[in-house]
Amino acid sequence: MSIVQIIEIVEKRAMNNLVKHILGLLLVVLMMSCNQNVVYDNSLRVANPTWHRDSVAQFTVNITDTTLNYESAILIRNSGDYKYQNLWLFVTEIAPDSTMRRDTIEYYLADNYGRWLGSGIGSLYTSLYYYKEDLHYSQSGTYTYLIEQAMRDDELKGITNIGIQIGRKN
């Protein structure tokens, strides 16, 4: 096999991977935008991208219908610079009557071989993880969600966005 043939094969594989990443990202965007059950969908950009331990992502959600069941998901966008396989988070929900619930959750961003699990282009990967699959709001009004990184690092490099999505459950 000649050098030219090897280069052509490598270029073809790289192009196929790029097309797969673009199609995967497009699928995620279409699923999120076409879902008429979505009540709230927002994400915040992490500065530099370095998520400081004392930086809290805050999301305010207005719930009007307490007769429905909901499901919630957390969006995480990371760059290839993120040095861990997993991400620990503290998630606090504050109800309209000021009662609080706090969870500690772990999400895996890469498999055991170091391959990123999210869809993406280049070195950015987006993942949407279920947080609560059967959620019932007992009060109508404004709910506040606070999301904090719970890793051991004071400055967590490579997380570029954090978000939350809440939708009506079918």
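Above this text you will find the structure in question.
Below is a summary of the structure that appears in this document. (Residues numbered from 1 in each chain as written. Predicted model: local features only at pLDDT ≥ 70, side-chain atom pairs only at ≥ 80, totals over all residues. Heavy atoms only, no water.)

### Here we look at the packing of aromatic side chains
Each aromatic ring pair is characterised by the separation of its centres together with the angle its planes make.
So, point 1. On inspection of all chains with the given rule, the structure shows six aromatic pairs.
So, point 2. Where Tyr107 meets Tyr129, the ring centres are 4.6 Å apart and the plane angle is 20°; that geometry is what we call stacked. With Tyr107 in strand β6 (residues 100-108) and Tyr129 in strand β8 (residues 124-135), the pair connects residues that are 22 residues apart, well separated along the chain. The two residues Tyr107 and Tyr129 agree in class, both being buried.
So, point 3. An aromatic cluster is present here, built from Tyr82, Tyr84, Trp116 and Tyr125 joined pairwise through their rings.
So, point 4. A cation over an aromatic ring shows up here: Arg102 above the ring of Phe90, its NZ or CZ 4.4 Å from the ring centre.
So, point 5. Lying across the ring of Tyr131, Lys132 places its NZ or CZ 5.3 Å from the centre. (Phe/Tyr/Trp six-rings, centres within 6.5 Å; stacked < 30°, edge-to-face > 60°. Helix = DSSP H or I, 4+ residues; strand = E, 2+ residues; numbered from the N terminus. Buried < 20%, exposed > 50% of the residue type's maximum accessible area, 1.4 Å probe, protein only. Lys NZ or Arg CZ within 6 Å of the ring centre and 35° of its normal.)

Interpretation in functional terms is not warranted from these geometric data alone.
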